[in-house]
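Take a look at the letters that make up each chain.
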Amino acid sequence: MRLIAGLTAALAALLPTTPLAAAQQAPTVVLKPDSGKAGSGFTIAWAGFPACRIITFTWAGAALTSTSAAPPASGQVNTTVPADAKPGVHVVAGNCTSQKVTARANFTVISTPTTTRVPPTTTRVPPVTTRPEVTPTTTRPSTPVTVTKPSTTTTEPGTPVTTTTTPTSSTVDTTPPPTSTVPPSDGDLVLDRPTINPGDPLSAAGRGCTPNSPVTLTSKGVRVGTAVADADGAFVTPVEFTRAEPGRHTITASCGVVLTGAVDQVVTSSTGGQNGTLVVLVFFVLAGAAVIRFS
């Protein structure tokens, strides 16, 4: 009887506590939101924790944030994803150390997309310049030659022969040398004539200079001309030699680049030697004619 009474009392003591144990909620941790970028904020909500003095929250095992002063069995707290968190799934845990209760939830760190700005590709099409073919035209007029026959005066035999001679006159060709009308190419220095006499005008044209740069023309170290290149790097300027020296003269134009050209300078001299020779020759011809006539 005593055994039966003891068992009945034990069962009566256990029966009131069984519904309470069954009704107790399991501890949970819920993350809102449960994904985001490193450094973003989220909320940790907990429930089912018994009365704890401190609930500690960890991110992948490292302390994240905590509540204190006997937190309630359920609640929520705001926190931030660590700035150095790597993309992937990380465990957020709520720990009640005094009651040895732990609940976990997963937070997914989303990688930040990398935006690469590709600069626009600009293709510059160089302008096409078509130079017309220019055929240099050289017009050299014919040189008229005027010849005056010497007059002859014949007297009777025994009378001294008087001979009057008139020097032969000729028209000297003063036509200037042909000029060049071919425009210069890039990197060329073109002179408007290949040969000049002292004092003849001479012009130089160049292309390929630095745009709007000053141009200095020299020959044998002496400046013979100046100019300023236009926006296309071209220029035209007169050339003046300070000395008359026969031979080839190389002209150099400095304008950011160096252009070269050459001209031949011809120095001529006029003497009366040919006219004197012609007078003597005509005298002997006339004298011979007189001898033959009177012989």
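To be clear, the structure that these remarks concern was listed above.
Worth saying up front: this structure is predicted, and the values here are computed from it rather than measured.

Calculation rules
Residues numbered from 1 in each chain as written. Predicted model: local features only at pLDDT ≥ 70, side-chain atom pairs only at ≥ 80, totals over all residues. Heavy atoms only, no water. Disulfide = S-S within 2.5 Å. Helix = DSSP H or I, 4+ residues; strand = E, 2+ residues; numbered from the N terminus. Buried < 20%, exposed > 50% of the residue type's maximum accessible area, 1.4 Å probe, protein only. Phe/Tyr/Trp six-rings, centres within 6.5 Å; stacked < 30°, edge-to-face > 60°. Pairing = 2+ DSSP bridges. Axes fitted to C-alpha atoms, helices over the stretch in contact; angles between N-to-C directions.

Asker: Teacher, can you tell me more about the state of the cysteines here?
Answerer: Structurally, a disulfide amounts to a covalent bond that connects the sulfur atoms of two cysteines. Overall, the coordinates contain one disulfide when judged by the stated rule. Each sulfur in the disulfide pair Cys-209 and Cys-255 lies 2.1 Å from the other. Sign of the S-S torsion, about -65° for the bond between Cys-209 and Cys-255, identifies this disulfide as left-handed. Here Cys-209 is found in the loop between β11 (202-207) and β12 (214-219), whereas its partner Cys-255 is found in the loop between β15 (247-254) and β16 (258-265), with 46 residues between them in sequence. Each member of the pair, Cys-209 together with Cys-255, is buried.

Asker: Looking at this model, I keep getting lost on the packing of aromatic side chains. Mind explaining?
Answerer: Working definition: an aromatic ring pair is given by the centre-to-centre distance plus the angle between the planes. Within this structure, the stated rule accounts for four aromatic pairs. Aromatic pair Phe-42 and Trp-59: ring centres 6.2 Å apart, planes at 50°, arrangement tilted. In this pair, Phe-42 sits in strand β3 (residues 41-47) while Trp-59 sits in strand β4 (residues 55-59), placing the two residues 17 residues apart along the sequence. According to the relative accessible area criterion, Phe-42 is buried, its value standing at 3%. Taking 5.5 Å as the distance between ring centres and 55° as the angle between the ring planes, the aromatic pair formed by Trp-59 and Phe-107 counts as tilted. Of this pair, Trp-59 sits in strand β4 while Phe-107 sits in strand β8 (residues 101-109), placing them 48 residues apart in sequence. Residue Trp-59 is classed as buried on the basis of its relative accessible area of 7%. Take Phe-107: its relative accessible area is 0%, and that puts it in the buried class. Site record: aromatic cluster; members linked through ring pairs are Phe-42, Trp-59 and Phe-107.

Asker: Whenever I open this one, the sheet that holds β11 confuses me. Can you help?
Answerer: Within a sheet, adjacent strands bond to each other through the backbone by hydrogen bonds, running parallel or antiparallel. A sheet is described by the order of its strands in space; here three strands give the open sequence β9-β11-β14, paired in antiparallel fashion. Since the sheet does not close on itself, it has two edges, and those belong to β9 (188-191) and β14 (234-239), each with one partner. Pairwise comparison of adjacent strand axes, ignoring direction, gives a mean angle of 20° for this sheet. Across four bridges, the pairing between β9 and β11 is antiparallel. Looking at β11, one finds that Leu-191 is bridged to Ala-204.

The values reported here are purely geometric and, on their own, carry no functional implication.
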